[in-house]
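Geometric and topological summary
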Amino acid sequence: MTDTKLDTTITGVPGTSRVTRANLGARLGPVIGMPVGIVLLLVIGTLLSDRFFSVGNLVNVLINISILGVIVVGMTFVFITRGLADLSVPATVAVGAILTLGLQPAIGTFAAALVGIMAACGAGVVSGILIGYARINPVITTLGVSTIVLGIAQWSVGGVIVYGSDADAQAFVNSRVFGIPVIVIIFVIVAVIGHLVLSRTTLGRWVYAAGSNPDATRASAVPLARTRASAFVMTAGLSGLAGALLGITLQTARPAIGVGYEFDAITAVVVGGISLLGGSGSIPRAIGGLLFVALLNNILVLQGVPTAVQGIAKGLLIVGAVSLDIYLRRKGGRS
């Protein structure tokens, strides 16, 4: 005898998930919570400092998040596929920066940047194969690949600082078009492309499927291994692009130039409501998390809060965001 107690959606279709107050809150909470949080930070920042809501300060916030934002786009794909995190980011950022500046005199800035990005993608391919096809733990894999790649980067430059030789490229990246910084425009283009790929393409559907139910996805026609591998290749390539932009902007690069970017990217993605359990999230939500963290940091800096306290605030944000995600998922899963 079958169970006659079928769940019903608000449209009355039997056999589907029932919409209750609990799971409705789980669905809407991450969507409306971040915009509200950003508005609150804007209000708090304005009340605490008359410099906060100035055009110059807010533009500086956007400039500061742009390079990190490029990495966040890739990290979002990794999280949604249930890939945990890509810890090779510092190494791929360093490769992008070092090769861009190191090869500038020989082949020009644009070609050198392409080489740096492709080299970073190569590291992503290695990670992707080991994670997607060999099914090795992503954290262990990317940490190991990071160590190898960073060692190669250090060896290639002898552990010293590499200096740029193209002042025109630096001036262009630091310039503005109709008042908008070029670095911000590049970030927006990357974010829009990432959003379209995730929301409008077959690859995007595969990414969500890989994270929501890996076993069912593996049994279907979806190429699970290739999908997971592509997420790590994408993150590595975008980290290489971020490194190239960072190198051109600073005109200096060293092996440790990317240290900390992985933690900042993870913080932004988690605060943006992208679940560690995979299967949900979006680029706009990740960017919202990035903006939230950046505005909070800016408020703390303007108030003269020590760097150590800022680190504590980031850690608390991550713990709070993960705890909230687990709570909402458990609450939403109750029938």
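In this report, the structure presented in the accompanying data block is examined. Bear in mind the structure is a predicted one, so any value in this text is a computation, not a measurement.

1. Considerations on helix α10 (residues 224-250)
Across its 27 residues, α10 extends 39 Å between first and last C-alpha, which sits within 8% of the 39 Å expected from 1.5 Å per residue. Here α10 lies mainly inside the structure; 21 of its 27 residues are buried. Positive phi appears at Q251, one or two residues downstream of α10, with a value of about 60°.

2. Digging into the packing of helix α2 (residues 55-80) against α10
Between α2 and α10, whose axes approach to 8 Å, the crossing angle comes to 175°. By the angle class used here, α2 and α10 are roughly antiparallel. Where α2 abuts α10, its residues I67, V70, I71, V73, G74, M75, F77 and V78 lie against A231, F232, M234, T235, L238, S239, L241, A242, L245 and L246. For the contact of α2 with α10, a count of residues per class yields 15 nonpolar, three polar and no charged.

3. Quick look at the side chain of Q310
Its location among the elements puts Q310 in helix α13 (residues 307-333). When near neighbours in sequence (up to four residues on either side) are disregarded, Q310 contacts N297, L300, V301 and V305.

4. Observations regarding the nonpolar core
As a rule of thumb, nonpolar side chains are buried together in soluble globular proteins. In terms of nonpolar packing, the biggest core is built from 72 residues, with V72, V73 and F79 touching the most fellow members. No other element matches the 13 residues that α2 contributes to this core. Once you skip the residues sitting within four places of it in the chain, V72 turns out to touch A265, A268, V269, A286, I287 and L290.

5. Quick word on a nonpolar patch on the surface
A contiguous nonpolar surface patch, about 360 Å² in accessible area, is contributed by V36, L40, I44 and L48. Within the element layout of this structure, L40 appears in helix α1 (residues 21-48).

6. Focus: unusual backbone geometry
A positive phi is found at R82, a non-glycine position, where the angle reads about 65°. Looking at where R82 falls in the secondary structure, it is placed in the loop between α2 and α3 (89-107). Take R82: its relative accessible area is 34%, and that puts it in the partly exposed class. Of note in this structure, L84 is not a glycine but carries a positive phi near 65°. Structurally, L84 can be placed in the loop between α2 and α3. Relative accessible area serves as the criterion here: at 31%, L84 is assigned to the partly exposed category.

7. Regarding the environment of V149
Here V149 is to be found in helix α5 (residues 138-157). For the pair V149 and G122, spaced 27 residues apart in sequence, the C-alpha to C-alpha distance is 9.9 Å. With near-sequence residues (within four places) excluded, V149 lies in contact with A91, V95 and A123.

8. Some details on helix α8 (residues 202-212)
Of all the positions in α8, only G204, V207, A210 and G211 are classed as buried. Along the axis of α8, the buried positions cluster into a sector of 125°, meaning they face one direction only. Summarising the contacts, the buried residues of α8 are in contact with α2, α7 (182-200), α9 (214-219) and α10.

9. Details of the packing of helix α4 (residues 109-133) against α5
At a minimum axis separation of 10 Å, α4 and α5 run at an interaxial angle of 150°. Here α5 runs roughly antiparallel to α4, going by the angle between their axes. α5 is crossed by α4, and the crossing has right-handed handedness. Every residue of α5 that contacts α4 at A123, V126, S127, L130 and I131 is listed here: P138, T141, T142, V145 and V149. Considered class by class, the residues forming the contact of α4 with α5 number seven nonpolar, three polar and no charged.

10. Some points on the side chain of E262
Positionally, E262 belongs in helix α11 (residues 261-271). From its side chain, E262 meets the backbone nitrogen of G260 in a polar contact 3.1 Å long. Leaving out residues up to four positions away in the same chain, E262 has contacts with M75, D86, L87, V89 and P90.

11. Section: the environment of A171
Within the element layout of this structure, A171 appears in helix α6 (residues 167-173). Overall, the relative accessible area of 47% leaves A171 in the partly exposed class.

The rules behind these values
- Residues numbered from 1 in each chain as written.
- Predicted model: local features only at pLDDT ≥ 70, side-chain atom pairs only at ≥ 80, totals over all residues.
- Heavy atoms only, no water.
- Helix = DSSP H or I, 4+ residues; strand = E, 2+ residues; numbered from the N terminus.
- Expected span 1.5 Å × (residues − 1).
- Buried < 20%, exposed > 50% of the residue type's maximum accessible area, 1.4 Å probe, protein only.
- Axes fitted to C-alpha atoms, helices over the stretch in contact; angles between N-to-C directions.
- Parallel < 35°, antiparallel > 145°, perpendicular 65-115°, else oblique.
- Contact = heavy atoms within 4.5 Å.
- Nonpolar A, V, L, I, M, F, W, Y, C, P; charged D, E, K, R; others polar.
- Core = buried A, V, L, I, M, F, W, Y, C linked by side-chain atoms within 4.5 Å.
- Patch = residues over 30% accessible without salt bridge, like charges linked within 9 Å, V, L, I, M, F, W, Y side chains within 5 Å.
- Areas by Shrake-Rupley, 256 points an atom, 1.4 Å probe, with all protein chains shown as cover.
- Salt bridge = Lys/Arg side-chain N within 4 Å of Asp/Glu carboxyl O.
- Arc of directions from axis to C-beta.
- Left-handed = near helix turned anticlockwise from the far one by under 90°.
- Polar contact = N/O pair within 3.5 Å; in protein donor to acceptor, adjacent residues only side chain to side chain.

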